[in-house]
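Here is what each chain is made of, one letter per residue.
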Amino acid sequence: MPLTTKICGLSESNQIQACINHGANMCGYILFYPKSHRNLNLDKAKELTSLKHSKYNVAVMVNPSRENLESIKDFNFHYYQIYGNQKPDEINDIKQKYKVKIIKALTVETKVDILKYKIYEKVSDIILFDSKGYEQSLSFPHSLLDDVPKRVKKMIAGNIQIHDLEKISKIADIVDVSGAVETNKKKDLTKIKEFLLKVKKINENRTI
């Protein structure tokens, strides 16, 4: 299977267009998390997700409240990416109520954190393994994923750099990147292009 891509923390229409032009599979938007310089207000999020394109829009949220979820229920989101310690039933309730697919985000430091995928596997479409840094773009040892079975659709985030992509392509289905395609905390269109072209090249080489 080819490695697919999510570019996260988008905030301007030209960034989204760069993602579309160069083959990103998902576009991610940070909501309800003012600690992050990538956080969007609701008006901007509605504007960006209403743009006509064929990519999957992902709402990225940390412990969203019911009020938060209600405020975006009519936005053009295909996935909710959810961080936090929600119970599986809570995640499933969100999935059913809002008719979206779920990316359950697990923050990883030890093997114990990795094994939490078992709790959410049945109620999630994708399991994201991320660092505990949230907006700080930290990393974690990817060798911790060795025992996660292939049936689990795996997304990896956490300070992923372009030189990491060959390795990532062997252990994950989806790569999630944000900081690596920024310059001075702003999305860099050239870096987005370079990152996505590198993934394209890796996928082409895998099919030869």
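Anything mentioned here points back to the structure above.
Residues numbered from 1 in each chain as written. Predicted model: local features only at pLDDT ≥ 70, side-chain atom pairs only at ≥ 80, totals over all residues. Heavy atoms only, no water.

1. Some points on the packing of helix α1 (residues 13-21) against helix α8 (residues 189-207)
At their nearest, the axes of α1 and α8 sit 9 Å apart, and the two run at 20° to each other. Overall, the two elements α1 and α8 adopt an arrangement that is roughly parallel. Classified by chirality, the crossing of α8 by α1 is right-handed. Contacts between α1 and α8 involve Asn 14, Gln 15, Ala 18 and Cys 19 on the former and, on the latter, Leu 189, Ile 192 and Leu 196. (Axes fitted to C-alpha atoms, helices over the stretch in contact; angles between N-to-C directions. Helix = DSSP H or I, 4+ residues; strand = E, 2+ residues; numbered from the N terminus. Parallel < 35°, antiparallel > 145°, perpendicular 65-115°, else oblique. Left-handed = near helix turned anticlockwise from the far one by under 90°. Contact = heavy atoms within 4.5 Å.)

2. Here we look at the side chain of Gln 15
Here Gln 15 is to be found in helix α1. Taking the relative accessible area as the measure of exposure, Gln 15 reaches 1% and is therefore buried. There is a polar contact of 2.8 Å between the side chain of Gln 15 and the backbone nitrogen of Ser 11. Setting aside chain neighbours within four positions, we find Gln 15 in contact with Gly 9, Leu 10, Lys 186, Lys 187, Leu 189 and Ile 192. (Buried < 20%, exposed > 50% of the residue type's maximum accessible area, 1.4 Å probe, protein only. Polar contact = N/O pair within 3.5 Å; in protein donor to acceptor, adjacent residues only side chain to side chain.)

3. Let's talk about the layout of surface pockets
Its boundaries defined by the atoms lining it, the second largest pocket holds a volume of some 280 Å³. Forming the walls of the second largest pocket are 13 residues, and the residues nearest its centre are Lys 150, Lys 154, Lys 170, Ile 171 and Ala 172. Of the residues contributing to the lining of the second largest pocket, the split by class is six nonpolar, one polar and six charged. (1 Å grid on protein atoms, 1.4 Å probe; cavity = no way out; pocket = protein on both sides within 12 Å on 5 of 7 lines; lining within 4 Å. Points joined across faces, edges and corners; volume = space filled by probe spheres on them. Nonpolar A, V, L, I, M, F, W, Y, C, P; charged D, E, K, R; others polar.)

4. Some details on the nonpolar core
Tyr 80 and Phe 129 are the most contacted members of the largest nonpolar core, which has 53 residues in total. Membership of the second largest hydrophobic core comes to 15 residues, among which are Cys 8, Tyr 33, Ile 103 and Ile 174. (Core = buried A, V, L, I, M, F, W, Y, C linked by side-chain atoms within 4.5 Å.)

5. Concerning the pairing of strand β2 (residues 26-31)
Taking burial as the measure, the six residues of β2 include six buried ones, the bulk of the element. Because side chains alternate across β2, one face comprises the buried residues Met 26, Gly 28 and Ile 30, and the other comprises Cys 27, Tyr 29 and Leu 31, equally buried. Relative to β2, strand β1 (residues 4-7) runs parallel, the two being bridged by two bridges. Note on β2: the bridge partner recorded for Lys 6 is Met 26. Judged from the five bridges that link them, β2 and strand β4 (residues 56-62) form a sheet pairing that is parallel. For Ile 30, the partnering residue across the bridge sits in β4 and is Val 60. The pairing of β2 with strand β3 (residues 39-40) spans two bridges and is parallel. Pairing of Ile 30 across the sheet is with Asn 39, part of β3. (Pairing = 2+ DSSP bridges.)

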